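Chain by chain, the residues run as shown.
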Amino acid sequence: MEAAAAMTNNNNSNNNNATKLLTLSTGLPKLDENVTCVGFPQGGTQISVTRGVVSRIDVDSQYVLRIQIDAAINPGNSGGPVFDEKGQVVGIASSHLRGAGNIGYIIPSKIVSNFLQMCQDNDEVKVEDRFSGLGALVVQEESIEESKHVPGIPNLGILGSQTLESKALRHNLGLDELDILGGVRIVGCLSNSSDSSDTDDRLEGDDVLLSINGIPIGMDATIQLSETRPDERINFRSLVTCQRVGSKVTLDVLRRKERKELSVSLNMSRFLVPQYDDFDAIPLYLVVGGCVFTPLSLPLVSEKKSNKSTSFSRYYRDQRLGNEQMIVLSKVLNDEVNVGYHGWKNLVLKSVNGYEPKNIQELVDVIVRKMEGEMMNFRCTVVGEQDADYVICMSEQEVIHSENRVLQRHMIASWCSMEAISKELRDEIEKNEPSETKRRNAYHTMKGMRHVLERA
């Protein structure tokens, strides 16, 4: 994103860096229009410039608008600006199609503009929503110690849509009676999110969506790309994914053969299993007794490439209703403290000493503040066998004594990631330990955090 906002040029007269602000284009480039891609791809250390033309404008698998160009886009180009013939930024280099020649994709400037505006307005998502939607932007400002996560791509909250080329289906839905030529049938809707009001308008299964913000939808689920380009058509959901999270759209709907106008607030997807990670992200994790717990995500499944991982696929499209995460035992780091559990992995955590943490922050809170008794009992289950418990039982004192040994042996800097510690827990530790140096050291181990909390 920084590359889209500014470029740094060398000033030979004073050897200082001057920043040139760039202008984002307000429209979409035309087909066959010349574009220039700038970045630092692999193969060298200097800035690279490649040229090509706009080949296609369509949507990706998540119905997000994208522009296809034939200028070379290689690893390292991502995030670099793409200019039109006027020198305006028409998009940000995103990806290329593997195995194909000169097929690259850029994110249009109108979507980039939405993200920058949300960043400027200080829109931010909660920790459990980070990477659980589509396209969330991570911003690091010099004046802020922690990065800020801006909301991602919005959606209509539908499970899918059905085209209406069938005359019989159109007659059955009542479209012929009203002489309506376009529209798509909504096949189903996502469960209501936790921040939705009961009074909010929303689509329902079997609705026929006729238009969005006055733009008619064809029976093939497409709309005009723009008023000046009527011959170019694109999937209707691009009207939604080009909006900001939280904005409202007006929908013309046929519901049970009656025409209705709905005002729907657009929200981001909140997948139970996050769809992606940040670039070079520090994962949310927790290591206790050599057992590594982490929220399940698609990148984690892809990284493991295990036969058992595919059993999680039933959860991939599920939406969260609150702040829950699916916590899994990712692996066991072999040590004397966890003999009998070596090789265990891909198990879903159910409870810890009777507590059922809903997310990684609650799990950290339980372990440092609520553990009682001599033993730590982690009850886990295999996907598809929810009634079968697999128990990891370890002595609490042995876990504490082995902590530094396990972390050092496996070269792990801290027993948990900082974002796995809730703000409330960090505030309490800061209150009990005024020294910043001692406080940072305490965060590195479970024993250290417990020691600070016991002072209260």
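Keep in mind the model is a prediction, meaning the values are calculated, not measured.

Asks: Which parts of the structure should I look at to understand helix H8 (residues 423-432)?
Replies: Note: α-helices contain 3.6 residues per turn, so residues at a spacing of three or four share the same orientation. What H8 keeps buried is the set Leu-425, Arg-426, Ile-429 and Asn-432. Down the axis of H8, the sector holding all buried residues measures 130°, keeping them to one side. Across from the buried face of H8, at angles greater than 90 degrees, the exposed residues are Lys-423, Glu-424 and Lys-431. The inward-facing, buried residues of H8 abut helix H6 (360-370), helix H9 (436-443) and helix H10 (446-453).

Asks: How should the sheet that holds strand E26 (residues 385-395) be read in this particular structure?
Replies: Think of a sheet as strands paired side by side through backbone hydrogen bonds, with each pair either parallel or antiparallel. Taken together, the six strands give an open sheet; going across it, the order is E21-E22-E23-E24-E25-E26, and neighbouring strands pair in antiparallel fashion. Of all the strands in the sheet, the pair left with one neighbour each is strand E21 (286-288) and E26. Adjacent strand axes in the sheet meet at a mean angle of 40°, parallel and antiparallel pairs treated alike. As judged from the five bridges shared by strand E22 (residues 291-295) and strand E23 (residues 327-332), these two strands associate in the antiparallel manner. Residue pairing for E23: Pro-295 is matched across the bridge by Ile-327. Where H6 meets the sheet, it contacts E21, E22, E23, strand E24 (347-352) and strand E25 (375-382), and its direction lies at approximately 30° from that of E21.

Asks: Looking at this structure, I do not really get the pattern of salt bridges. What am I missing?
Replies: Opposite charge on two side chains allows them to pair when their charged atoms are near. In the structure shown here, the tally under the stated rule is 20 salt bridges. When the shortest N-O distance is used, the salt bridge between Asp-121 and Arg-244 registers 2.9 Å. In this pair, Asp-121 is assigned in the loop between helix H2 (109-120) and strand E9 (137-139) and Arg-244 in the loop between helix H4 (238-241) and strand E18 (248-255), connecting sequence segments 123 residues apart. Residue Arg-244 is classed as partly exposed on the basis of its relative accessible area, which comes to 22%.

Asks: Sorry, what's going on with the sheet that holds strand E8 (residues 104-108) here?
Replies: Pairing is antiparallel in the closed barrel, where six strands are placed in the order E3-E4-E5-E8-E7-E6. If you compare each strand with its neighbour and ignore which way they point, the axes differ by 45° on average. In terms of strand pairing, strand E5 (residues 65-69) meets E8 through three bridges, oriented antiparallel. Directly across from Gln-68, in E8, lies its bridge partner Tyr-105. On top of the sheet, H2 reaches E5, strand E7 (89-96) and E8; it is set at about 50° to E8, its chief contact.

So, how was this worked out
- Residues numbered from 1 in each chain as written.
- Predicted model: local features only at pLDDT ≥ 70, side-chain atom pairs only at ≥ 80, totals over all residues.
- Heavy atoms only, no water.
- Buried < 20%, exposed > 50% of the residue type's maximum accessible area, 1.4 Å probe, protein only.
- Helix = DSSP H or I, 4+ residues; strand = E, 2+ residues; numbered from the N terminus.
- Arc of directions from axis to C-beta.
- Contact = heavy atoms within 4.5 Å.
- Pairing = 2+ DSSP bridges.
- Axes fitted to C-alpha atoms, helices over the stretch in contact; angles between N-to-C directions.
- Salt bridge = Lys/Arg side-chain N within 4 Å of Asp/Glu carboxyl O.

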